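Remarks on the overall topology
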Amino acid sequence: MIKLRFKPLNINNRIRFKSFLSSNEIRKRFIDYFVKENDHKYIKSSPVVPYNDPTIAFVNAGMCQFKSILLGQRTLAANCVANSQKCIRVGGKHNDLDVVGSDGYHHTFFEMLGNWSFGRYGKAEACHLAWNLLTSSPFNIPAEQLYCTVFNGDETLDVRSDDETLQIWKHIGVNDDHIVMNGANDNFWEMGETGPCGPCTEIHIDYPPSGGKNLIELWNIVFIQYSREKNTMCKLPNYFIDTGMGLERLTMVLQDKTSTYDTDLFSSIFDIIFNASKISKYKGLYYDNSSLDTYYRVLADHGRMITVALSDNMLPSQNHKLRRLIRKSFILAETNFKVQPGHTLMCDIADEVSNSLGNVYPELIKNNEKVKHLIKHEYTIFNKLRMSVSKDWKMVVEECPTLKNFDPYEECTGFVPACNYLIKNKNMKNIPAFTLYDAFGLEKKTIGRLAEVMGKPTNWNELHEKLKKLQTKTIKHIKKKSNNYMTENIPKTDDSFKYEIIRYNNESYLSPPIIAKLLAIVDVNGNIVTEPDIKEQGDIVSLVLDKTSFYCKAGGQQNDIGIIKTNNGVVFNVTGVDKIEENGVILHHIESSDWPILLREKELNVQVDSNYRLGLMRAHSSIHILNSILNSYLVVTTQLSSCVKKDFTSFTFALFGQKFSPEDALLIEEKVNNIIQSAVPVKRTTVTSNDLNQMNVTLLPGEVYPDEVHVIDMYNNNDNSYISREACCGTHVQNTLDVIDFCIVQYKCLSNECTIMAVTGPLCIEARIFGQKLLEKSNFVEHLVNSTNLNNISSTKVHLMMDHNNQLKSELKNVSQNYIPLNAQIQINKKIFATERKIQKIIKEKKMQILSDAIKNLCEDSYAVGFVDCDAAYLDDNCYEFENVVHVCGEIPCLFLAYNKENIHVYLRVPKELQEDVNWLNNFWNKFGIKPIKLKNKVQFKATEFKIKQVDKYKALTLIDNVIEDVKKNYFSSIINKQS
């Protein structure tokens, strides 16, 4: 493999080939050439999110979806295929992120054109196919501009020179001076340290023609003919062909462009950026990495990658690199292109990417609104982060100016706190790599950059040692858990019978009993029992069978229960089932002092509780319907967690900033029940993980699926469409009608997620009956309140109404004990709220009436003074609102005093135009033992209202009498004299 880093090329403006080909035409020509003309099967691109390979974060090559075939783990029906694969390279061995924009050909997202042979043809046909496509119409690349590289052998690998391929190129007509022989570093491909590998040959183009000085790799053809073991290289009986050619680079050549960024794959995106910013058009200059053209290239590239990743269900919350690129793009849009807010430009770019690539990758068009919503949601999160860390970051830079070159908004959320930690501990000799990695979530690369700018060495040894210890500890924990059961030599339990279930016409189900061999009895310590000892081993043991129909807890679904019976009819209840993941052995837990008799048994009757299983199936199938409806109802969502119990489900899903009200939940409930009543068939099919790529199946983002996957289909024959199609290992009903009913009983909504809890089957009937009873109670309270007025209200009646409401509130809180339909909960809560408001309004009106009547009796011609003694039942809030009723006294001075709940209540009002009697007022305050209070100016009066604590009622009433006598004699009488 010749590795050249090239800058944009100087090419005269001339038409090199017969006609201009668009990138869409080039891609189509490649696919048609192999599929229509050379009998290859078209395999559509897999998503850029790998769902069957935990070793990579992104699909970074065309061979990723065929990896298990190359490893010999499975076969493909077609023996030769072709496709255009979406690829992302932003990390690991293949990382183009740091150089994107600085040259003319690196990209974070690119398309890999490829063809594969799985035993059908060999080197000669592979080379001929590639050469013919490039040199024939419509590509018409002159043969004299093409060069080929060939593997020259490697003694250390014990692999000879690929003379066969050398002769093939010569036979095709390639001149000797256009063939370059290379060693293993350039022309030997390996998947890993062990496994499939082989020599490769590459086709390069001298572009522009320079006598072989400007060689650019176009096509890599790999011959996977060996398997590398620890110290040996074994030849495979049948070898594979794996080829790849970058669409962007081929398009650059065929469109006569100086770089891949000058092709039609990017020109329309540059137009979008210019139209939004109106700063300056893209010129294709490379003189400075901080130039506007560089930012054009970076933003266009990142916009393509972000759009493709989001449309393939990759979530920024699960992938920090994707989130970092999105934030970097926001900053570029706002800082360099002056577009505010930054998400508007990114959404425009997403639209253009969907338009330009959507005909090849229809998911881009299908998920376009979802992509734009996620971009806007990420901008909201990003903006909040900017607001929260800007102050802290400013302080960090003031303390350590060398950090100013970092952009905290592109880093993880722990970056600014990590910088603060380093500043507070500036006397540390080394940068504590493990602390920054473990406690603050910093990447190793970021830690290295921090160490560099702060001028301190990094303690990498500590990081590696502690990570190794953690890994060892984890492995030990896993091994300890597995070795707890001494089952290494016991074969894997065949649990395929769990899916064998019979449906009867009356919508009941039966899990057929099976006869299984007893392989071992294991005690609670994990030891295999050979001699019974109840005292030592106890009543609890686990049975290991050669096969079982019991379902183990998986995919959120709880395990089955049932019985195991001896041939003599002795029954043992199975209370739990567990699978040892390392060896697939299933443990059936029983608790009985009679278990020693099983030591004599060779075969046992296994029977799952069919009614319990049916409850699980109903609940699980309802979750699939719910998930499908939520995905169509919301712009974007994804399952976060689920729990399936007997006729009970709990489902948590992401909202990504969308509103989801209880009314929305009720609408979803109605839609679920409509599907249930539509009697839609439910079918299980088993496919390979690679087949998932060819099907429109709901998958969990970030989930890694095994090679063999079960898919649950709910297909509506009436409109020929899938209601739900989801990868799932759980058990399900065979017709939606068997779910019977779906009733939401709890709804919890947080800022970014929502949880719906629901019951199915007969539990719905119980829930609706109980909900109706509570509704009738709330109706009774509502009627009681509505029939209450000032004439018939009493303290007893008030307490009765409040007690009923409190009882209803308590019932609603205990929803886990008695399921209540959400619809009933909403109605009851509304009634409680309305009745409480009415009760409070009546009480307030009654209180005003009582106070008004009380102070009317105290009114004399010139003033109103006295003790207000009224029914305290309506004043249990200890609030006397004299200000609201004092108008009944007209315009005379007032002083009212009351005593309730160990408090003296005082209201004083005097004419505004009269000068205050300071001496009397000071004496007045002294009587109550408080500091002077400034009277507040009202329209015609000055007034104050306060209360003081006095536990002793006798003392309180004595004080009140004293104050009343004093005010009549020494204050209000003088006011009256002044007025007269």
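Overview of the structure. Note that this is a predicted model, so its numbers are computed, not measured.

This next bit is on the overall build of the protein. When its secondary structure is counted, the protein shows 24 helices and 31 strands. In summary, the protein has a C-alpha radius of gyration of 40 Å against a globular reference of 30 Å for 980 residues, an excess of more than 25%. Dimensions of the protein along its principal axes, counting C-alpha atoms only, are 130 × 90 × 65 Å. Sorting the 980 residues of the protein into buried and exposed places 52% on the buried side. Taking as baseline every contact in the protein between residues at least 6 positions apart, the subset at least 24 positions apart corresponds to 70%. For the protein, the computed accessible surface area is about 46,100 Å², with 48% contributed by carbon and sulfur atoms. For the protein, the distance from the average site of its 114 positive side-chain charges to the average site of its 115 negative ones is 4 Å.

The subject of this paragraph is empty space enclosed by the protein. This model, assessed by the stated rule, comprises 2 cavities of 30 Å³ or more. Empty space within the largest cavity amounts to approximately 90 Å³. Forming the walls of the largest cavity are 13 residues, and the residues nearest its centre are Ser 46, Pro 50, Asn 52, Val 59 and Gln 65. Here the residues of the lining of the largest cavity sort into 7 nonpolar, 5 polar and 1 charged.

Formed by 80 residues in total, the largest nonpolar core has its most connected members in Ile 273, Met 305, Leu 436, Leu 442 and Leu 450. Looking at this core, the elements with two or more residues in it are helix 7 (264-277), helix 8 (292-311), helix 9 (320-336), helix 10 (342-357), helix 12 (368-399), helix 13 (415-424), helix 14 (433-438) and helix 15 (444-454). For Leu 442, the contacting residues outside a window of four places in its chain are Cys 412, Gly 414, Phe 415, Ala 418, Leu 436, Tyr 437, Ile 447 and Leu 450. Membership of the second largest hydrophobic core comes to 43 residues, among which are Ile 26, Ala 126, Trp 131 and Met 245.

Where strands meet in a sheet, backbone hydrogen bonds hold them as pairs that are either parallel or antiparallel. With respect to topology, 6 strands assemble into a closed barrel ordered 14-15-18-17-16-19, the strand pairing being antiparallel. Strand-to-strand twist across the sheet, computed as the mean angle between neighbouring axes with direction ignored, equals 45°. Relative to strand 17 (residues 571-580), strand 16 (residues 562-565) runs antiparallel, the two sharing 4 bridges. Counterpart to Lys 565 in the pairing with strand 17 is Val 571.

This brings us to the pairing of strand 28 (residues 894-900). Remark: a regular strand shows side chains that alternate across the two faces of the sheet. By the criterion of burial, strand 28 is predominantly enclosed, with 7 of the 7 residues buried. The side-chain alternation of strand 28 yields two buried faces, one formed by Cys 894, Phe 896, Ala 898 and Asn 900 and the other by Leu 895, Leu 897 and Tyr 899. With 4 bridges joining them, strand 27 (residues 864-867) and strand 28 adopt parallel strand pairing. Within strand 28, the position partnered with Ala 864 by the bridge is Cys 894.

A separate point is the pattern of salt bridges. Within the structure shown, the criterion is met by 30 salt bridges. With a shortest N-O distance of 2.9 Å, Lys 86 and Asp 312 are connected by a salt bridge. Of this pair, Lys 86 sits in strand 2 (residues 80-88) while Asp 312 sits in the loop between helix 8 and helix 9; the two residues are 226 residues apart in sequence, bridging distant segments of the chain. Asp 312 matches Lys 86 in its accessibility class, with the two residues each being buried. For Arg 228, the salt bridge goes to Glu 190, with nearest N and O atoms at 2.6 Å.

Attention shifts here to the sheet that holds strand 20 (residues 639-645). Strand order in this open sheet of 4 strands is 20-21-26-25, and the pairing throughout is antiparallel. Two strands bound the open sheet, and with one partner strand each, they are strand 20 and strand 25 (742-749). When the angles between neighbouring strand axes are averaged without regard to direction, this sheet yields 15°. Here strand 20 pairs with strand 21 (residues 648-654) via 6 bridges, running antiparallel. Residue pairing in the sheet places Cys 643 in a bridge with Ser 650 of strand 21.

Going through the model one piece at a time under the given rule, you end up with 36 aromatic pairs. Ring geometry for Tyr 33 and Phe 34: centres 5.0 Å apart, planes at 85°, overall edge-to-face. Just as Tyr 33 is buried, Phe 34 falls in that class too. Where Phe 118 meets Phe 240, the ring centres are 5.8 Å apart and the plane angle is 70°; that geometry is what we call edge-to-face. Taken together, the residues Phe 118 in strand 5 (residues 109-118) and Phe 240 in strand 11 (residues 233-246) connect sequence positions 122 residues apart.

Next up on the list: helix 7. Because the α-helix completes a turn every 3.6 residues, residues three or four places apart line up on one side. With 14 residues, helix 7 extends 20 Å from end C-alpha to end C-alpha; this agrees with the ideal 20 Å at 1.5 Å per step. Looking at the packing, one finds that the buried side of helix 7 touches helix 1 (23-35), strand 5, helix 6 (247-254), helix 8 and helix 10. Of the residues trailing helix 7, Lys 278 is marked for its positive phi of about 60°.

We now examine the state of the cysteines. In total, this model carries 0 disulfides according to the counting rule given. Considering cysteine sulfurs only, Cys 127 is the nearest to Cys 148, which forms no disulfide, with 7.5 Å between them. Taking relative accessible area as the criterion, Cys 148 reaches 0% and is therefore assigned buried. Looking at the unpaired Cys 889, the closest cysteine sulfur is the one in Cys 859, lying at 3.0 Å.

Turning our attention to unusual backbone geometry. In the segment running from Ser 137 into Pro 138, the intervening peptide bond is cis, with an omega of 5°. Relative to the helices and strands, Pro 138 resides in the loop between helix 3 (123-135) and strand 6 (146-151). Residue Pro 341 follows Gln 340 across a cis peptide bond; omega there is -15°. Here Pro 341 is to be found in the loop between helix 9 and helix 10. At Lys 278, a position not held by glycine, the phi torsion is positive, near 60°. In this structure, Lys 278 sits in the loop between helix 7 and helix 8. You will see that Lys 338, though not glycine, has its phi angle at about 55°, which is positive.

The next thing to look at is the environment of Ile 740. Position of Ile 740 relative to the elements: it lies in the loop between strand 24 (721-727) and strand 25. For the pair formed by Ile 740 and Asn 289, sequence separation is 451 residues and the distance between their alpha carbons is 64 Å. If we skip the residues at most four places from it in the chain, Ile 740 touches Arg 618, Ile 676, Gln 677 and Gly 761.

So, on to the packing of helix 21 (residues 795-813) against helix 22 (residues 822-856). Here helix 21 crosses helix 22 at 155°, and the two axes come no closer than 11 Å. One finds that helix 21 runs roughly antiparallel with respect to helix 22. Note on packing geometry: the crossing formed by helix 21 with helix 22 is left-handed. Taking contact as the criterion, the partners of Val 798, Met 801, Met 802, Asn 805, Leu 808, Lys 809 and Leu 812 in helix 21 are, on helix 22, Gln 825, Ile 828, Asn 829, Ile 832, Thr 835, Glu 836, Ile 839, Gln 840 and Ile 843.

The next point concerns helix 13. Within the sequence span of helix 13, burial applies to Phe 415, Val 416, Ala 418, Cys 419, Leu 422 and Ile 423. Seen from one end, helix 13 has its buried residues packed into an arc of 160°, which puts them on one side. Each element contacted by the buried residues of helix 13 is listed here: helix 12, helix 14 and helix 15.

Contact geometry for helix 3 and helix 4 (residues 163-172): axes closest at 10 Å, N-to-C directions at 40°. When the interaxial angle is binned, helix 3 and helix 4 end up oblique. Relative to helix 4, helix 3 is oriented so that their crossing is right-handed. Between helix 3, through Lys 123, Ala 124, Cys 127, His 128 and Trp 131, and helix 4, the contact on the second element is made entirely by Glu 164, Thr 165, Ile 168, Trp 169, His 171 and Ile 172. A per-class count over the contact of helix 3 with helix 4 returns 6 nonpolar, 3 polar and 2 charged.

As a further point, take the side chain of His 620. Structurally, His 620 can be placed in helix 18 (residues 610-633). A relative accessible area of 4% means that His 620 is categorised as buried. Here Gln 557 takes part through its side chain, which lies 2.6 Å from a polar atom of the side chain of His 620. When sequence neighbours within four positions are dropped, the list of residues in contact with His 620 reads Gly 555, Gln 557, Val 644, Cys 728, Gly 730, Thr 731 and His 732.

Rules behind the numbers
- For every chain, the first residue of the written sequence is number 1, and numbering continues from 1 onward in sequence order.
- It should be noted that, the model being predicted, local features are given only for residues of pLDDT at least 70 and side-chain atom pairs only at 80 or more, the latter also being counted only at that level, while totals for whole chains, interfaces and linings use all residues.
- Water and hydrogen atoms were dropped before computing side-chain values, which therefore reflect all heavy atoms in the structure.
- Runs of H or I in DSSP of at least four residues are treated as helices and runs of E of at least two as strands, each being numbered from the N terminus.
- Our radius of gyration looks at C-alpha atoms and nothing else; its globule reference is 2.2 Å times the residue count to the power 0.38.
- The buried label applies to any residue whose accessible area, calculated with a 1.4 Å probe on protein chains only, is under 20% of its type's maximum; exposed applies above 50%, and partly exposed to all values in between.
- The criterion used for residue contact is that any of the two residues' heavy atoms lie within 4.5 Å.
- Working definition of accessibility: Shrake-Rupley area with a 1.4 Å probe, residue cover restricted to the visible protein chains.
- Charge assignment: positive for Lys and Arg, negative for Asp and Glu; neither His nor the chain ends contribute.
- Throughout, a charge is located at the NZ atom of Lys, the CZ atom of Arg, the CG atom of Asp or the CD atom of Glu.
- Cavity and pocket criteria rest on a 1 Å grid covering protein atoms alone: a 1.4 Å probe that fits but cannot get out defines a cavity, protein on both sides within 12 Å along at least 5 of 7 lines defines an open pocket, and an atom within 4 Å of a point defines a lining residue.
- Grid points are joined across faces, edges and corners, and a volume is the space filled by probe spheres set on the points.
- Side-chain classes are defined by residue name, with Ala, Val, Leu, Ile, Met, Phe, Trp, Tyr, Cys and Pro counting as nonpolar, Asp, Glu, Lys and Arg as charged, and the others, Gly among them, as polar.
- What makes a nonpolar core is a set of buried Ala, Val, Leu, Ile, Met, Phe, Trp, Tyr and Cys residues whose side-chain atoms join them at distances within 4.5 Å.
- For two strands to be treated as a pair, DSSP must find no fewer than two bridges joining them.
- Axis definition: a line fit to C-alpha positions, over the contact stretch in the case of helices; interaxial angles, taken between N-to-C directions, run 0 to 180 degrees.
- Salt bridges are identified by distance alone: a Lys or Arg side-chain nitrogen within 4 Å of an Asp or Glu carboxyl oxygen.
- Aromatic rings from Phe, Tyr and Trp, with only the six-membered ring used for Trp, were paired whenever their centres fell within 6.5 Å, and each pair was classed as stacked if the ring planes differed by under 30 degrees, edge-to-face if by over 60, and tilted otherwise.
- Multiplying one less than the number of residues by 1.5 Å gives the expected span of a helix.
- Counting rule for disulfides: a pair of cysteine sulfur atoms within 2.5 Å.
- Any angle that falls under 35 degrees is termed roughly parallel, while one over 145 is termed roughly antiparallel, one within 65 to 115 roughly perpendicular, and all others oblique.
- In a left-handed crossing the near helix is turned counterclockwise from the far helix by less than a right angle, and in a right-handed crossing that turn is clockwise.
- Starting at the helix axis, one direction is taken to each C-beta atom, and the arc is that of these directions.
- Think of a polar contact as two N or O atoms within 3.5 Å of one another; within protein, one of them needs to be a possible hydrogen donor and the other a possible acceptor, and neighboring residues in sequence only count if both atoms come from side chains.

Note that every value here comes from positions in space, so none of it alone points to a role or purpose.
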